[in-house]
Amino acid sequence: MSILVLGGAGYIGSHTVCALCEAGYDVAVVDNLVTGHRASLRPQARFYEGDIGDAAFLRQVFLKEKVEAVIHFAAFSQVGESVKKPLAYYENNLVKTRTMLEEMVKAGIKHIVFSSTAAVYGEPKEVPITEDAPTQPENPYGETKLAMERMFHWTAQAEGITYVSLRYFNACGAHAEGKIGEDHDPETHLIPLVLEAASGKREKISIFGTDYPTKDGTCIRDYIHVSDLAQAHILAVKYLLGGGKSEVFNLGNGTGFSVREIVEAAREVTGRPILAQEAERRAGDPAVLIASSQKAKEILGWEPKYTKIQEMIQTAWVWHQHHPHGFDGR
Ligand code: UFG
(Lines give C-alpha, C1' and ligand atoms only; values in the text may rest on other atoms or scores of the structure.)
Protein backbone atom coordinates (compact mmCIF):
# COMPACT_ATOMS: atom_id res chain seq x y z
CA MET A 1 0.00 0.00 0.00
CA SER A 2 1.30 3.43 -0.87
CA ILE A 3 0.82 7.05 0.12
CA LEU A 4 0.10 9.15 -2.96
CA VAL A 5 1.40 12.73 -2.77
CA LEU A 6 -0.24 15.16 -5.19
CA GLY A 7 1.99 18.16 -5.78
CA GLY A 8 4.94 16.26 -4.31
CA ALA A 9 7.50 18.28 -6.30
CA GLY A 10 6.56 21.61 -4.69
CA TYR A 11 8.01 23.24 -1.60
CA ILE A 12 6.04 21.63 1.24
CA GLY A 13 5.18 18.58 -0.90
CA SER A 14 8.82 17.67 -1.59
CA HIS A 15 9.72 17.97 2.10
CA THR A 16 6.81 15.72 3.00
CA VAL A 17 7.83 13.16 0.36
CA CYS A 18 11.32 13.22 1.83
CA ALA A 19 10.02 12.74 5.39
CA LEU A 20 7.72 9.89 4.27
CA CYS A 21 10.64 8.14 2.51
CA GLU A 22 12.86 8.65 5.56
CA ALA A 23 10.11 7.12 7.73
CA GLY A 24 9.99 4.04 5.46
CA TYR A 25 6.67 4.63 3.68
CA ASP A 26 6.05 3.46 0.13
CA VAL A 27 5.49 6.75 -1.71
CA ALA A 28 4.18 7.78 -5.12
CA VAL A 29 4.13 11.36 -6.42
CA VAL A 30 1.91 13.12 -8.93
CA ASP A 31 2.95 16.57 -10.14
CA ASN A 32 2.41 18.52 -13.35
CA LEU A 33 5.71 20.39 -12.76
CA VAL A 34 4.08 23.76 -13.48
CA THR A 35 5.43 25.17 -10.20
CA GLY A 36 7.11 22.01 -8.88
CA HIS A 37 10.68 20.93 -9.65
CA ARG A 38 11.79 17.62 -11.16
CA ALA A 39 15.10 17.98 -9.31
CA SER A 40 13.28 17.91 -5.95
CA LEU A 41 11.96 14.37 -6.56
CA ARG A 42 13.30 11.49 -4.47
CA PRO A 43 14.53 8.41 -6.34
CA GLN A 44 12.67 6.17 -3.85
CA ALA A 45 9.30 7.71 -4.73
CA ARG A 46 7.60 6.63 -7.99
CA PHE A 47 6.80 9.67 -10.10
CA TYR A 48 3.78 10.23 -12.37
CA GLU A 49 3.93 13.45 -14.36
CA GLY A 50 0.45 14.77 -14.97
CA ASP A 51 -2.36 17.01 -13.86
CA ILE A 52 -4.87 16.29 -11.09
CA GLY A 53 -7.56 17.82 -13.30
CA ASP A 54 -7.00 15.03 -15.86
CA ALA A 55 -9.43 12.29 -14.80
CA ALA A 56 -8.11 9.67 -17.23
CA PHE A 57 -4.53 10.20 -16.05
CA LEU A 58 -5.53 9.92 -12.40
CA ARG A 59 -7.54 6.76 -13.09
CA GLN A 60 -4.38 5.16 -14.49
CA VAL A 61 -2.40 6.17 -11.40
CA PHE A 62 -5.09 4.80 -9.10
CA LEU A 63 -5.08 1.55 -11.09
CA LYS A 64 -1.30 1.14 -10.81
CA GLU A 65 -0.95 2.18 -7.18
CA LYS A 66 -2.68 0.59 -4.20
CA VAL A 67 -3.28 3.92 -2.48
CA GLU A 68 -3.94 3.85 1.23
CA ALA A 69 -4.16 7.63 1.63
CA VAL A 70 -3.72 10.74 -0.50
CA ILE A 71 -1.83 13.86 0.58
CA HIS A 72 -2.88 16.79 -1.58
CA PHE A 73 -0.58 19.82 -2.08
CA ALA A 74 -1.32 20.42 -5.76
CA ALA A 75 -2.55 24.01 -5.83
CA PHE A 76 -1.56 27.58 -6.64
CA SER A 77 -0.52 29.45 -3.49
CA GLN A 78 0.26 33.09 -4.17
CA VAL A 79 -2.05 35.59 -2.55
CA GLY A 80 -1.16 38.52 -4.85
CA GLU A 81 -1.47 36.46 -8.02
CA SER A 82 -4.85 35.14 -6.87
CA VAL A 83 -6.21 38.69 -6.64
CA LYS A 84 -5.12 39.33 -10.22
CA LYS A 85 -6.26 35.96 -11.61
CA PRO A 86 -9.15 34.69 -9.47
CA LEU A 87 -10.55 32.38 -12.14
CA ALA A 88 -7.17 30.64 -12.53
CA TYR A 89 -7.28 29.95 -8.79
CA TYR A 90 -10.86 28.65 -8.88
CA GLU A 91 -9.97 26.42 -11.83
CA ASN A 92 -6.66 25.10 -10.52
CA ASN A 93 -7.48 24.81 -6.82
CA LEU A 94 -11.18 24.04 -6.72
CA VAL A 95 -12.29 22.63 -10.08
CA LYS A 96 -9.29 20.30 -10.43
CA THR A 97 -9.62 19.15 -6.83
CA ARG A 98 -13.26 18.31 -7.54
CA THR A 99 -12.16 16.06 -10.44
CA MET A 100 -9.48 14.46 -8.28
CA LEU A 101 -11.90 13.85 -5.42
CA GLU A 102 -14.41 12.21 -7.74
CA GLU A 103 -11.73 9.83 -9.07
CA MET A 104 -10.51 9.16 -5.54
CA VAL A 105 -14.02 8.20 -4.44
CA LYS A 106 -14.49 6.00 -7.54
CA ALA A 107 -11.18 4.27 -6.79
CA GLY A 108 -12.39 3.51 -3.25
CA ILE A 109 -9.68 5.52 -1.48
CA LYS A 110 -10.93 6.54 1.92
CA HIS A 111 -8.47 9.04 3.39
CA ILE A 112 -7.03 12.40 2.38
CA VAL A 113 -4.84 15.02 4.05
CA PHE A 114 -4.68 18.37 2.32
CA SER A 115 -3.05 21.78 2.45
CA SER A 116 -5.12 24.66 3.70
CA THR A 117 -3.90 28.01 4.94
CA ALA A 118 -4.13 30.71 7.57
CA ALA A 119 -5.50 32.84 4.73
CA VAL A 120 -8.93 31.24 5.35
CA TYR A 121 -9.24 33.42 8.49
CA GLY A 122 -8.65 36.81 6.85
CA GLU A 123 -8.02 39.60 9.37
CA PRO A 124 -8.36 37.81 12.74
CA LYS A 125 -10.38 39.31 15.59
CA GLU A 126 -8.23 37.56 18.19
CA VAL A 127 -4.78 35.98 18.31
CA PRO A 128 -3.67 33.26 18.77
CA ILE A 129 -6.11 31.98 16.17
CA THR A 130 -7.96 28.78 17.01
CA GLU A 131 -9.64 26.53 14.44
CA ASP A 132 -13.13 27.73 15.43
CA ALA A 133 -12.31 31.41 14.68
CA PRO A 134 -14.51 32.90 11.94
CA THR A 135 -13.35 32.18 8.40
CA GLN A 136 -13.48 35.32 6.28
CA PRO A 137 -10.87 35.05 3.55
CA GLU A 138 -9.80 38.34 2.03
CA ASN A 139 -8.40 37.03 -1.24
CA PRO A 140 -9.27 34.38 -3.85
CA TYR A 141 -6.43 32.13 -2.65
CA GLY A 142 -7.90 31.83 0.86
CA GLU A 143 -11.39 31.65 -0.59
CA THR A 144 -10.54 28.69 -2.85
CA LYS A 145 -8.84 26.86 0.03
CA LEU A 146 -11.91 27.36 2.21
CA ALA A 147 -14.15 26.17 -0.62
CA MET A 148 -11.96 23.06 -0.91
CA GLU A 149 -12.39 22.44 2.81
CA ARG A 150 -16.19 22.69 2.48
CA MET A 151 -16.18 20.39 -0.55
CA PHE A 152 -14.22 17.79 1.43
CA HIS A 153 -16.58 18.21 4.38
CA TRP A 154 -19.75 17.43 2.42
CA THR A 155 -18.17 14.76 0.21
CA ALA A 156 -16.69 13.00 3.23
CA GLN A 157 -20.13 12.76 4.80
CA ALA A 158 -21.78 11.54 1.62
CA GLU A 159 -19.09 9.08 0.55
CA GLY A 160 -17.80 7.75 3.86
CA ILE A 161 -14.29 9.11 3.53
CA THR A 162 -12.26 10.99 6.16
CA TYR A 163 -10.01 14.01 5.69
CA VAL A 164 -7.65 16.24 7.61
CA SER A 165 -7.25 19.85 6.56
CA LEU A 166 -3.99 21.46 7.68
CA ARG A 167 -4.05 25.24 7.87
CA TYR A 168 -0.43 26.32 7.58
CA PHE A 169 0.82 29.63 8.89
CA ASN A 170 4.14 30.90 7.43
CA ALA A 171 6.10 27.92 6.11
CA CYS A 172 9.84 28.52 6.00
CA GLY A 173 13.25 26.85 6.09
CA ALA A 174 14.65 23.87 4.24
CA HIS A 175 15.56 20.23 4.81
CA ALA A 176 18.46 19.99 7.28
CA GLU A 177 20.74 18.45 4.64
CA GLY A 178 20.20 21.38 2.26
CA LYS A 179 19.29 19.23 -0.77
CA ILE A 180 15.78 20.57 -1.11
CA GLY A 181 14.37 23.94 -0.19
CA GLU A 182 12.13 26.82 -1.19
CA ASP A 183 12.19 27.81 -4.87
CA HIS A 184 9.31 29.91 -6.14
CA ASP A 185 9.28 31.88 -9.39
CA PRO A 186 8.68 34.69 -8.78
CA GLU A 187 9.68 34.61 -5.12
CA THR A 188 7.40 36.72 -2.93
CA HIS A 189 8.05 35.35 0.56
CA LEU A 190 9.94 37.34 3.14
CA ILE A 191 12.67 34.93 4.31
CA PRO A 192 13.95 33.82 0.88
CA LEU A 193 13.93 37.43 -0.29
CA VAL A 194 15.89 38.55 2.77
CA LEU A 195 18.44 35.79 2.10
CA GLU A 196 18.74 36.89 -1.53
CA ALA A 197 19.63 40.33 -0.19
CA ALA A 198 22.17 38.72 2.16
CA SER A 199 23.86 36.82 -0.66
CA GLY A 200 23.93 39.80 -3.01
CA LYS A 201 21.45 38.27 -5.46
CA ARG A 202 19.29 41.33 -4.80
CA GLU A 203 20.40 44.73 -3.64
CA LYS A 204 17.83 45.20 -0.84
CA ILE A 205 14.46 44.17 0.45
CA SER A 206 11.40 46.29 1.10
CA ILE A 207 9.64 46.34 4.45
CA PHE A 208 5.97 46.53 3.48
CA GLY A 209 4.35 48.89 5.98
CA THR A 210 5.81 50.37 9.16
CA ASP A 211 2.61 51.81 10.66
CA TYR A 212 0.84 48.63 11.74
CA PRO A 213 -0.44 48.50 15.33
CA THR A 214 2.45 46.23 16.42
CA LYS A 215 5.48 46.76 18.69
CA ASP A 216 7.73 47.99 15.86
CA GLY A 217 5.09 48.94 13.30
CA THR A 218 5.73 45.97 10.97
CA CYS A 219 3.58 42.87 10.39
CA ILE A 220 3.89 39.90 12.71
CA ARG A 221 3.76 36.33 11.41
CA ASP A 222 4.01 32.84 12.88
CA TYR A 223 6.90 31.06 11.10
CA ILE A 224 6.88 27.27 11.04
CA HIS A 225 9.63 25.06 9.66
CA VAL A 226 8.76 23.06 6.56
CA SER A 227 10.12 19.82 8.08
CA ASP A 228 7.78 20.27 11.06
CA LEU A 229 4.92 20.73 8.58
CA ALA A 230 6.05 17.53 6.83
CA GLN A 231 5.88 15.61 10.12
CA ALA A 232 2.36 16.92 10.74
CA HIS A 233 1.26 15.34 7.43
CA ILE A 234 2.65 11.97 8.46
CA LEU A 235 0.88 12.23 11.83
CA ALA A 236 -2.35 13.20 10.07
CA VAL A 237 -2.11 10.15 7.77
CA LYS A 238 -1.52 7.89 10.79
CA TYR A 239 -4.45 9.52 12.57
CA LEU A 240 -6.83 8.87 9.67
CA LEU A 241 -5.59 5.32 9.09
CA GLY A 242 -6.10 4.72 12.81
CA GLY A 243 -9.80 5.61 12.46
CA GLY A 244 -9.65 9.31 13.40
CA LYS A 245 -12.59 11.46 12.31
CA SER A 246 -12.35 14.34 9.84
CA GLU A 247 -10.66 17.38 11.41
CA VAL A 248 -9.14 20.78 10.71
CA PHE A 249 -5.84 21.76 12.37
CA ASN A 250 -3.79 24.96 12.51
CA LEU A 251 -0.04 24.49 12.16
CA GLY A 252 2.22 27.19 13.57
CA ASN A 253 4.68 27.76 16.40
CA GLY A 254 2.42 30.03 18.43
CA THR A 255 5.08 32.77 18.40
CA GLY A 256 5.10 35.85 16.22
CA PHE A 257 8.05 37.65 14.63
CA SER A 258 7.84 41.07 13.03
CA VAL A 259 9.31 41.80 9.60
CA ARG A 260 12.08 43.84 11.25
CA GLU A 261 12.85 40.95 13.62
CA ILE A 262 13.17 38.57 10.66
CA VAL A 263 15.61 40.91 8.93
CA GLU A 264 17.62 41.25 12.15
CA ALA A 265 17.66 37.47 12.73
CA ALA A 266 18.84 36.96 9.14
CA ARG A 267 21.66 39.47 9.67
CA GLU A 268 22.71 37.46 12.75
CA VAL A 269 22.57 34.10 10.95
CA THR A 270 24.32 35.19 7.76
CA GLY A 271 26.73 37.73 9.26
CA ARG A 272 25.91 39.95 6.29
CA PRO A 273 24.50 43.47 6.28
CA ILE A 274 21.06 43.30 4.72
CA LEU A 275 19.75 46.51 3.25
CA ALA A 276 16.08 46.95 4.18
CA GLN A 277 14.09 49.87 2.88
CA GLU A 278 10.80 51.01 4.39
CA ALA A 279 7.97 50.88 1.87
CA GLU A 280 4.19 51.22 1.59
CA ARG A 281 1.90 48.54 2.99
CA ARG A 282 1.22 45.59 0.69
CA ALA A 283 -2.51 45.22 -0.01
CA GLY A 284 -4.30 42.52 1.97
CA ASP A 285 -1.71 41.95 4.71
CA PRO A 286 -3.25 41.40 8.17
CA ALA A 287 -1.19 43.04 10.96
CA VAL A 288 -0.77 39.94 13.12
CA LEU A 289 -1.21 36.22 12.35
CA ILE A 290 -0.33 33.82 15.14
CA ALA A 291 -1.64 30.27 15.41
CA SER A 292 -2.90 28.30 18.30
CA SER A 293 -1.72 24.78 17.42
CA GLN A 294 -2.98 23.29 20.67
CA LYS A 295 -5.44 21.08 18.84
CA ALA A 296 -2.77 19.52 16.57
CA LYS A 297 -0.59 18.93 19.62
CA GLU A 298 -3.40 17.28 21.59
CA ILE A 299 -5.03 15.19 18.86
CA LEU A 300 -2.13 14.45 16.48
CA GLY A 301 0.65 14.56 19.09
CA TRP A 302 2.48 17.08 16.89
CA GLU A 303 5.40 18.98 18.43
CA PRO A 304 7.43 21.32 16.21
CA LYS A 305 11.18 20.71 16.59
CA TYR A 306 12.23 24.08 15.23
CA THR A 307 11.19 26.84 17.61
CA LYS A 308 14.07 29.32 17.26
CA ILE A 309 13.74 31.63 14.27
CA GLN A 310 17.54 31.72 13.82
CA GLU A 311 17.62 27.92 13.40
CA MET A 312 14.83 28.03 10.84
CA ILE A 313 16.57 30.78 8.87
CA GLN A 314 19.87 28.90 9.12
CA THR A 315 18.42 25.90 7.24
CA ALA A 316 17.08 28.22 4.53
CA TRP A 317 20.49 29.92 4.34
CA VAL A 318 22.31 26.60 3.82
CA TRP A 319 19.89 25.75 0.99
CA HIS A 320 20.24 29.21 -0.53
CA GLN A 321 24.03 29.11 -0.47
CA HIS A 322 24.11 25.71 -2.18
CA HIS A 323 21.37 26.63 -4.67
CA PRO A 324 21.54 30.40 -5.16
CA HIS A 325 19.49 30.04 -8.35
CA GLY A 326 17.10 27.36 -7.08
CA PHE A 327 16.71 23.81 -8.41
CA ASP A 328 17.01 24.66 -12.06
CA GLY A 329 19.92 27.05 -11.78
CA ARG A 330 17.86 30.07 -12.81
N1 UFG B 1 7.10 41.25 3.46
C2 UFG B 1 7.89 42.36 3.36
N3 UFG B 1 8.73 42.47 2.29
C4 UFG B 1 8.79 41.52 1.31
C5 UFG B 1 7.99 40.37 1.43
C6 UFG B 1 7.14 40.26 2.51
O7 UFG B 1 7.85 43.25 4.21
O8 UFG B 1 9.56 41.70 0.36
C9 UFG B 1 6.22 41.11 4.63
C10 UFG B 1 4.76 40.94 4.25
O11 UFG B 1 4.16 42.18 4.05
C12 UFG B 1 4.23 40.16 5.44
C13 UFG B 1 5.43 39.33 5.91
O14 UFG B 1 6.57 39.95 5.32
O15 UFG B 1 3.90 41.05 6.46
C16 UFG B 1 5.37 37.89 5.44
O17 UFG B 1 5.09 37.89 4.05
P18 UFG B 1 5.14 36.59 3.15
O19 UFG B 1 4.83 37.01 1.75
O20 UFG B 1 6.42 35.85 3.39
O21 UFG B 1 3.99 35.66 3.74
P22 UFG B 1 2.43 36.00 3.97
O23 UFG B 1 2.26 36.17 5.45
O24 UFG B 1 1.95 37.08 3.13
O25 UFG B 1 1.78 34.69 3.38
C26 UFG B 1 1.80 33.49 4.05
C27 UFG B 1 1.71 32.35 3.05
C28 UFG B 1 0.41 32.37 2.33
C29 UFG B 1 -0.71 32.40 3.33
C30 UFG B 1 -0.54 33.55 4.28
C31 UFG B 1 -1.59 33.56 5.32
O32 UFG B 1 2.76 32.42 2.14
O33 UFG B 1 0.28 31.23 1.52
O34 UFG B 1 0.71 33.45 4.92
O35 UFG B 1 -1.96 34.87 5.54
F36 UFG B 1 -1.88 32.54 2.70
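Look up a bit, the structure's there.
Predicted model only: the values in this text are computed from it and were never measured.

1. What to know about the sheet that holds strand β2 (residues 27-31)
Step number 1: Taken together, 7 strands build an open sheet; the order of strands is β3-β2-β1-β4-β5-β6-β11 and the sheet is parallel. Pairing within the sheet leaves two strands with one partner each, and these edge strands are β3 (46-49) and β11 (247-251). Ignoring strand direction, the axes of neighbouring strands in this sheet form an average angle of 20°.
Step number 2: The sheet contact formed by β2 and β3 spans 4 bridges and is parallel.

2. A closer look at the pattern of salt bridges
Step number 1: Using the criterion set out here, one finds 19 salt bridges in the structure.
Step number 2: Among the salt bridges present, the one from K245 reaches E247, with a minimum N-O distance of 2.8 Å.
Step number 3: One connected set of salt bridges, linked through shared partners, spans D26, R46 and E65.

3. So, the side chain of D228
Step number 1: Tracing the chain through its elements places D228 in helix α7 (residues 226-241).
Step number 2: Buried charge without a partner: D228 forms no salt bridge, and the closest opposite charge is K305, 5.6 Å away.

4. As for helix α5 (residues 140-159)
Step number 1: Taking 1.5 Å per residue as the helical rise, α5 with its 20 residues ought to reach 28 Å, and the 27 Å between its terminal C-alpha atoms agrees with that figure.
Step number 2: Taken together, the buried positions of α5 are P140, Y141, G142, T144, K145, L146, M148, E149, M151, F152, T155 and A156.
Step number 3: Those residues of α5 that are buried lie in contact with β4 (67-72), α3 (79-84), α4 (86-106), β5 (111-117), β6 (162-168) and β11.

5. Focus on the sheet that holds strand β14 (residues 288-289)
Step number 1: Spatially, 3 strands are ordered β12-β9-β14 in an open sheet, and the strand pairing comes out mixed. Here the strands that pair on one side only, and so sit at the sheet edges, are β12 (257-258) and β14.
Step number 2: The pairing of strand β9 (residues 220-221) with β12 spans 2 bridges and is antiparallel. Note that in β12 the partner of I220 across the bridge is S258.

6. Let's talk about the site of the ligand
Step number 1: Residues in close proximity to the ligand total 21 residues, the closest being L190, S206, R221, R282 and D285.
Step number 2: A distance of 2.5 Å is found between an oxygen atom of the ligand and a side-chain nitrogen or oxygen belonging to D285.
Step number 3: Taken by itself the ligand offers 700 Å² of open surface, and the protein chains cover 91% of this.
Step number 4: Looking at the shell around the ligand, the elements with two or more residues in it are α6 (190-199) and β8 (205-208).
Step number 5: Counting residues per element, the shell around the ligand draws most heavily on β8, at 3 residues.
Step number 6: Looking at the shell around the ligand residue by residue, the class counts come to 12 nonpolar, 6 polar and 3 charged.
Step number 7: Looking at which domains feed residues into the shell around the ligand, each of domain 1 (2-172 + 224-251) and domain 2 (190-221 + 254-322) gives three or more.

Cut-offs used in this document
Residues numbered from 1 in each chain as written. Predicted model: local features only at pLDDT ≥ 70, side-chain atom pairs only at ≥ 80, totals over all residues. Heavy atoms only, no water. Pairing = 2+ DSSP bridges. Helix = DSSP H or I, 4+ residues; strand = E, 2+ residues; numbered from the N terminus. Axes fitted to C-alpha atoms, helices over the stretch in contact; angles between N-to-C directions. Salt bridge = Lys/Arg side-chain N within 4 Å of Asp/Glu carboxyl O. Buried < 20%, exposed > 50% of the residue type's maximum accessible area, 1.4 Å probe, protein only. Lys, Arg positive; Asp, Glu negative; His and termini not counted. Expected span 1.5 Å × (residues − 1). Contact = heavy atoms within 4.5 Å. Near = heavy atom within 4 Å. Polar contact = N/O pair within 3.5 Å; in protein donor to acceptor, adjacent residues only side chain to side chain. Areas by Shrake-Rupley, 256 points an atom, 1.4 Å probe, with all protein chains shown as cover. Nonpolar A, V, L, I, M, F, W, Y, C, P; charged D, E, K, R; others polar. Domains from an automatic or database assignment.

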